[in-house]
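In case you want the letters, here they are:
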Amino acid sequence: MSLSSRRSSRGSAIGNIITFVLLVGLIGLGVYLLVGRDKGPDQASSGSGQSARPAAPKGDAPEPIEPVDGTPTLEAAATYTPKDGVLQIDISEYAGYGGLIVANGGLEPNADSFFAKEYGFKVKISMSEDETWSPLNNGRLAATATTADALAVLGRQFEAVVPVQIGYSRGADMVVVDRGIASINQLAGKVLAASQFNESEFFIRYLAQEAGVPVTILRDLDARPAEGELGLVFYEDAFVACDAYEHELASSQPRLNGCVGWAPRTDEVIESSNGAAKALVSNRNLLVIADVLAVNRGFAKQNPDMVRGLVHGILEGNRRLRDQQAGNIAVVAKAFGWSEADARDELAKVHLANLPENLAFFSGTIDSAGSFGGIFQSSVLAYGSVIRNPTDSSRFMDSSYLEALQKKGLFSEQKIAIAPIKTASRTSIEGDPLLSKDIRFFFEANSSALDRDAPQNLEYLDTIKRFLQVSPGSTVLLRGHVDNARVNEFREQGGEQLVKSMAMKAMELSRQRAIAVSEALKERHKDIDVARIEAVGRGWEEPAGPNSDLNRRVEVQWFTLE
């Protein structure tokens, strides 16, 4: 081969290599652009450590429903009449109603049931997810299971009595939010998907009320709340609300910041979110969702023995399911179409109430959970102007059947047994508070002594007590604050040295005021565990704004176990 021919051969090889490299590069660029376009901006940049946007769920996104103005209207009241000695009771698919099913031996009328053997009547249990308040009011049902908060919404039109608490929901209800939201206070200016007039709406309204965040109802996803308000968009039911949030999470510009619903749908949304969503709070340790039996008022008046049998049977069924779960789980699983493992998992999210817990629930003396009157009043406050003519909880409450069982010595071995469910190794005070509430206690002038003549101070102390009461295991941190209005004056008088000196005095005054609130709380409510209260002073370091009165405050931070 000549020199010239070797050069020609070498040049040809280099050209081939360059051409090949360019071709591979062009192919790679095309693949990158195609994949990046299909994934969208979030997924294309996932290599930077950001969470990829979750995949869009199958099907179309659900549409919001038109919200009901005011409260729901029920059918006219009528008395329920039993047919052939069989009572019709409606429940939803919820493990908390398992005690009723155990007492009845299933869903169908049963001659071997507790009700038949002990009281001579039978029960047919139906299941539906529709609201059954109208059928109960109109006399088509003897009784229905509902929650205490709903009674405040229904008000005077609802001709029903509540003779027994069935139990507390302990983790079934949940608020799911965007990953970056750390507290209820941070929901201001955000939008959640919810469903109207059920325990999930009450749950978020209750929390927002305690945090001082007003709730506004939005009619579509394009509407936005005011900066300091929480917007709710309603859907057909709680599961559909969760579906809507799941769809929005996959959008490039989500218009929802969370949803309020219940398990298992809430858990599924979190799992499918690719880290974009989290549980803000459940009611595992926030006992304000209380299931009760509502009985047609006319029927109860005409058939007190049957109502007594229902109360006795539910408490007996609860006892069997609590104390002898292995022998009774099968009947619950069969009724709901669950596996026994699923039934046990669902029962873990329920506290089935016993007789002493019922008596304390209705008398208002229960110190480890919400009471009937307390939840009822909280519902009135949480719904605000929605309830135009509120009634009192005494309209519905009838504890005479419980008291009759107590007089007979039944369930005498039972004790109140509600305790916190600890799901993490850390203590609650080390995490983020569920919510913060600014309270302006009244002190004597330039002093850390509480003004004993100010009635508001006693109301505020009861507010703090209520936090601890409805959430077993929770703690409160009292953060004292003073006004910062004179900082510039101090600087002019003595420079930074005087500012520093006065800041130390302000810190100590704010600390003493927080301690004074703590001591007054312990004095007024002697049953409070002192380990559940902490107090610190923050001086003028954290002003709430330019308003001097608002800056002289004690901030109550509520830490719950999750």
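Residues numbered from 1 in each chain as written. Predicted model: local features only at pLDDT ≥ 70, side-chain atom pairs only at ≥ 80, totals over all residues. Heavy atoms only, no water.

Another aspect to go through is the overall build of the chain. In terms of helices and strands, the chain carries 18 helices and 16 strands. Each of the 562 residues in the chain was classed as buried or not, and the buried ones make up 50%. Sequence-distant contacts, at least 24 apart, represent 80% of the contacts inside the chain between residues at least 6 apart. Just so you have it, the chain exposes about 25900 Å², and 49% of that area is on carbon and sulfur atoms. (Helix = DSSP H or I, 4+ residues; strand = E, 2+ residues; numbered from the N terminus. Buried < 20%, exposed > 50% of the residue type's maximum accessible area, 1.4 Å probe, protein only. Contact = heavy atoms within 4.5 Å. Areas by Shrake-Rupley, 256 points an atom, 1.4 Å probe, with all protein chains shown as cover.)

Next up on the list: the packing of helix H11 (residues 325–336) against helix H12 (residues 340–347). Relative to each other, H11 and H12 sit at 105 degrees, their axes nearing to 9 Å. Classified by the interaxial angle, the pair formed by H11 and H12 is roughly perpendicular. Only Glu340, Ala343, Arg344 and Leu347 of H12 make contact with H11, whose side of the interface consists of Gln325, Ile329, Ala330 and Ala333. For the contact of H11 with H12, a count of residues per class yields five nonpolar, one polar and two charged. (Axes fitted to C-alpha atoms, helices over the stretch in contact; angles between N-to-C directions. Parallel < 35°, antiparallel > 145°, perpendicular 65-115°, else oblique. Nonpolar A, V, L, I, M, F, W, Y, C, P; charged D, E, K, R; others polar.)

Attention shifts here to the nonpolar core. Counting residues in hydrophobic clusters, the biggest one holds 132 residues, and the most contacted among them are Phe158, Val175 and Leu207. Once residues within four sequence positions are removed from consideration, Phe158 is found in contact with Leu74, Trp133, Leu136, Asn137, Leu151, Ala294, Arg395 and Phe396. One finds Val176, Ala244, Leu256 and Ala277 within the second-largest nonpolar core, a separate group that totals 18 residues. (Core = buried A, V, L, I, M, F, W, Y, C linked by side-chain atoms within 4.5 Å.)

The subject of this paragraph is the sheet that holds strand E13 (residues 435–439). Hydrogen bonds between backbone groups are what pair the strands of a sheet, and the pairing can be parallel or antiparallel. Spatial strand order, E13-E16-E14-E15: four strands in an open sheet with mixed pairing. At either end of the open sheet lies a strand with only one pairing partner, and these are E13 and strand E15 (533–537). Averaged over neighbouring strand pairs, the angle between their axes works out to 20 degrees when direction is ignored. As defined by bridge partners, strand E14 (residues 475–481) adjoins strand E16 (residues 553–559) across seven bridges and the pair is classed as antiparallel. Among the inter-strand pairings, His481 is bridged to a residue of E16, identified as Arg553. Here helix H6 (residues 199–211) sits on the sheet and contacts E13 and E16; the angle it forms with E13, its principal contact strand, is near 40 degrees. Where helix H16 (residues 455–470) meets the sheet, its contacts fall on E13, E14, E15 and E16, and the angle it forms with E14 comes to roughly 150 degrees. (Pairing = 2+ DSSP bridges.)

Moving on: the sheet that holds strand E3 (residues 143–147). As summarised here, the arrangement of the six strands in space is E2-E1-E3-E11-E4-E12, forming an open sheet in which the pairing is mixed. Pairing within the sheet leaves two strands with one partner each, and these edge strands are strand E2 (122–127) and strand E12 (350–352). In this sheet, adjacent strand axes meet at a mean angle of 30 degrees when their direction is disregarded. Bridge count for strand E4 (residues 160–169) against strand E11 (residues 290–296) is six bridges, and the pairing is antiparallel. Pairing of Val161 across the sheet is with Val295, part of E11.

Below, the discussion takes up the environment of Gln186. Turning to its location among the elements, Gln186 is positioned in the loop between strand E5 (173–178) and strand E6 (191–195). For Gln186 and Val213, which are 27 residues apart along the polypeptide, the C-alpha to C-alpha distance reads 9.1 Å. Once you skip the residues sitting within four places of it in the chain, Gln186 turns out to touch Gly180 and Ile181.

Once that is clear, we can look at the pattern of salt bridges. Throughout the structure, instances matching the rule amount to 28 salt bridges. The salt bridge involving Asp527 is made with Lys465; its shortest N-O contact spans 3.2 Å. Of the two residues, Asp527 sits in the loop between helix H17 (487–524) and E15 while Lys465 sits in helix H16, which places them 62 residues apart along the sequence. On the accessibility criterion, Asp527 (45% relative accessible area) is partly exposed. Of the residues examined, Lys465 reaches a relative accessible area of 10% and is grouped as buried. One salt-bridge network, in which partners are shared between bridges, spans Asp243, Glu246, Arg265 and Glu268. (Salt bridge = Lys/Arg side-chain N within 4 Å of Asp/Glu carboxyl O.)

So, on to unusual backbone geometry. Following Ala263, the chain continues into Pro264 via a peptide bond in cis, with omega recorded as 5 degrees. Among the secondary structure elements, Pro264 is positioned in the loop between strand E9 (258–262) and helix H8 (265–272). Notably, Phe411 is not glycine yet its phi reads approximately 60 degrees, a positive angle. Looking at the secondary structure, you find Phe411 in the loop between helix H15 (400–407) and E13.

Okay, the confidence of the model for the chain next. Here the chain averages 87 in pLDDT, while 87% of its residues score no lower than 70. Below pLDDT 50 for its whole length, residues 29–50 participates in 10 contacts with residues either more than four positions away or in separate chains. This stretch, residues 425–429, has a pLDDT under 50; its non-local contacts, to residues over four places away or in other chains, come to 10 contacts. (pLDDT = per-residue confidence, 0-100.)

A cluster of acidic residues, Glu93, Glu129, Asp130, Glu131, Glu236 and Asp237, forms a negative patch on the protein surface. Checked against the element boundaries, Asp237 lands in the loop between strand E8 (230–235) and helix H7 (238–249). (Patch = residues over 30% accessible without salt bridge, like charges linked within 9 Å, V, L, I, M, F, W, Y side chains within 5 Å. Lys, Arg positive; Asp, Glu negative; His and termini not counted. Charge placed at Lys NZ, Arg CZ, Asp CG, Glu CD.)

Between its terminal C-alpha atoms helix H14 (residues 372–383) stretches 17 Å, which fits the 16 Å expected from 12 residues at 1.5 Å a residue. For H14, every residue scored as buried is listed here: Phe372, Ile375, Phe376, Ser378, Ser379, Val380, Ala382 and Tyr383. Looking at the residues trailing H14, positive phi occurs at Gly384, about 55 degrees. (Expected span 1.5 Å × (residues − 1).)

All chains considered together, the criterion is met by 16 aromatic pairs. Each member of the aromatic cluster is reached from another via a ring pair, and the members are Phe158, Tyr168, Phe361, Phe362, Phe372, Phe376 and Phe396. The aromatic ring of Phe396 is capped on one face by Arg395, whose charged end is 5.9 Å from the ring centroid. In this structure, Arg513 is placed above the aromatic ring of Phe443, and the distance from its NZ or CZ to the ring centre is 4.6 Å. (Phe/Tyr/Trp six-rings, centres within 6.5 Å; stacked < 30°, edge-to-face > 60°. Lys NZ or Arg CZ within 6 Å of the ring centre and 35° of its normal.)

Attention now goes to the pairing of E13. Burial analysis of E13 places four of its five residues in the buried class, which makes it a mostly covered element. Both E13 and E16 contribute to a ladder of five bridges, which runs antiparallel. Residue pairing in the sheet places Ser436 in a bridge with Gln557 of E16.

Within the secondary structure layout, Asn104 lies in helix H2 (residues 98–104). Note on Asn104: relative accessible area 0%, which makes it buried. Separated by 3.1 Å, the side chain of Asn104 and the backbone oxygen of Gly106 make a polar contact. Not counting residues within four places of it along the chain, the set of residues in contact with Asn104 comprises Asn110, Ser113, Phe115, Val123 and Ile125. (Polar contact = N/O pair within 3.5 Å; in protein donor to acceptor, adjacent residues only side chain to side chain.)

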